[in-house]
Structures are given as C-alpha cells and as structure tokens.
Amino acid sequence: GIVVLGLNRSHARNALNKNLLKMMSKAVDALKSDKKVRTVIFRSEVPGIFCAGADLKERAKMHSSEVGSFASKARATINEMANLPVPTIAAIDGTALGGGLELALACDIRVAACSAKMGLVETKLAIIPGAGGTQRLPRTIGVSLAKELIFSARIVDGEEAKSIGLISHVVEQNEAGDAAYRRALVLAREFLPQGPLAMRVAKLAINQGMEV
C-alpha cells in the first residue's frame with residue numbers, strides 16, 4: 001500500500017546530517033525490495049518545515065576531507081530515492097531549501113501548501129547545489145528558469161512554484177499544517193488501483209526516456 005516516510009529532526013529544522021542520511025538510506029533500501037509497497041510519500045513531521053537542507057553546523061565541524069564524502073553520501077541517498085521503483089510524492093507543508101528541495105526534486109511528484117517556501121539557495125553560500133539540483137531542476141522547470149533561480153538563490157512560495165511547474169499541486173494550508181500531506185494521500189490513493197507491475201515499468205520507461 002502507501003508508505004509514509006516522515007522527517008523528524010525538529011531541533012535542527014530537519015537539516016540533513018550524517019545520521020539522518022544514514023536512516024533515510026536504510027529506509028529507502030528496505031522499500032526497494034518490498035513488493036507490497038505501491039507508493040511512497042515523503043513528508044515532514046515538523047510544523048512549518050519540510051527540510052532546511054544540509055546541516056551546516058555539523059559541516060562546519062567536519063575536516064575538509066570529510067566534506068566531500070558527506071556530499072557524496074547526500075547525493076547517493078537522494079539518487080536512491082529517485083530510483084525507487086514505485087511512484088514517490090513529496091508533500092511540502094513548509095520550507096524546503098537547498099538539499100531539502102533537492103530531496104523533493106528526486107520525487108516523481110511534488111505537492112505543496114501555498115505558504116511553503118522553496119529554493120536552491122546554495123550560491124548564497126558560495127557553493128552549488130550538490131545533490132542533483134543542477135540536473136533535476138532544469139528537467140522540471142526548463143533550463144533558463146532553473147538557471148535564474150539558482151543564480152539568484154531565489155525562494156518561491158507554493159503559488160509561484162505551481163505557476164513555474166516546480167510542483168504539480170498547490171493547496172491552502174490548514175490549521176493542522178498538513179494540507180500538502182493530505183493532498184498527497186489523495187493522489188497516492190488514485191495510484192493504488194492500477195497494475196503494480198505496470199506502474200513500475202511505466203516509471204522506469206519515463207525515467208530512462210528522460211535521460212536519453
């Protein structure tokens with residue numbers, strides 16, 4: 001059926017650190033081979049935040065030799081997510097910046113609340129998006145617009161994200177702060193009646209076709 005993976009590192013705005021990446025990788029690995037899984041929803045359990053990107057406090061304490069391997073691990077984990085054989089939906093009910101947006105871009109479909117904030121802001125820190133953003137954003141919204149967003153480190157809200165094609169659905173936020181997650185569940189239920197093998201093959205065909 002539907003599997004929900006919830007990020008819950010509230011004290012650090014769900015920032016991606018070594019431990020969180022390890023747990024995500026483990027979870028994705030288990031889902032890869034589970035034939036009962038039909039759709040995966042990635043969401044946050046922390047109100048107002050989807051994922052704030054890489055944990056810069058942890059990174060600041062790393063030796064320069066560790067930074068490269070951390071970036072590689074983040075890239076590999078997000079690629080593993082993108083390569084899950086079943087449909088994946090990112091439910092963005094809050095802020096998704098840097099690696100947080102790259103995580104959402106690795107999902108097949110993105111749904112966001114109109115109040116959510118999204119952006120690849122790495123150039124502000126004099127670095128570039130390192131976990132697939134420079135490939136997946138242009139494929140999603142077009143080359144020119146992707147360059148503009150990355151060059152300016154601009155942050156867009158749900159309405160603008162929908163208008164440029166960054167997300168598929170935008171919803172009014174509710175009191176519980178989980179409107180995007182609820183919309184993602186409705187979407188996931190639409191996928192359930194379809195043939196499971198057909199879904200996997202369709203995803204593979206689309207993904208491989210986009211890389212030709």
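Residues numbered from 1 in each chain as written. Predicted model: local features only at pLDDT ≥ 70, side-chain atom pairs only at ≥ 80, totals over all residues. Heavy atoms only, no water.

Details of the sheet that holds strand E8 (residues 156–157)
With mixed pairing, four strands are arranged side by side in an open sheet as E3-E5-E7-E8. With partners counted over all chains shown, the strands left at the sheet margins are strand E3 (49–51) and E8, one partner each. (Pairing = 2+ DSSP bridges. Helix = DSSP H or I, 4+ residues; strand = E, 2+ residues; numbered from the N terminus.)

Quick notes on the pattern of salt bridges
In the structure shown here, the tally under the stated rule is six salt bridges. The residue Arg 154 makes a salt bridge to Glu 148 at a minimum N-O spacing of 3.0 Å. Taking the relative accessible area as the measure of exposure, Arg 154 reaches 31% and is therefore partly exposed. Across the pair Asp 178 and Arg 182 runs a salt bridge, and its minimum N-O distance is 2.8 Å. (Salt bridge = Lys/Arg side-chain N within 4 Å of Asp/Glu carboxyl O. Buried < 20%, exposed > 50% of the residue type's maximum accessible area, 1.4 Å probe, protein only.)

Some thoughts on the packing of aromatic side chains
All chains considered together, the criterion is met by zero aromatic pairs. The cationic tip of Arg 43 hangs over the ring face of Tyr 181; the distance from NZ or CZ to the ring centre is 3.9 Å. (Phe/Tyr/Trp six-rings, centres within 6.5 Å; stacked < 30°, edge-to-face > 60°. Lys NZ or Arg CZ within 6 Å of the ring centre and 35° of its normal.)

Structural notes on the pairing of strand E1 (residues 2–7)
Looking at chain direction, E1 and strand E2 (residues 39–44) are connected through six bridges and run parallel. Bridge assignment links Leu 7 to a residue of E2, and that residue is Ser 44. Taken together, E1, helix H1 (residues 18–32) and E2 constitute a β-α-β crossover, and its handedness is right-handed. (Right-handed = clockwise from strand over helix to strand, strands pointing away.)

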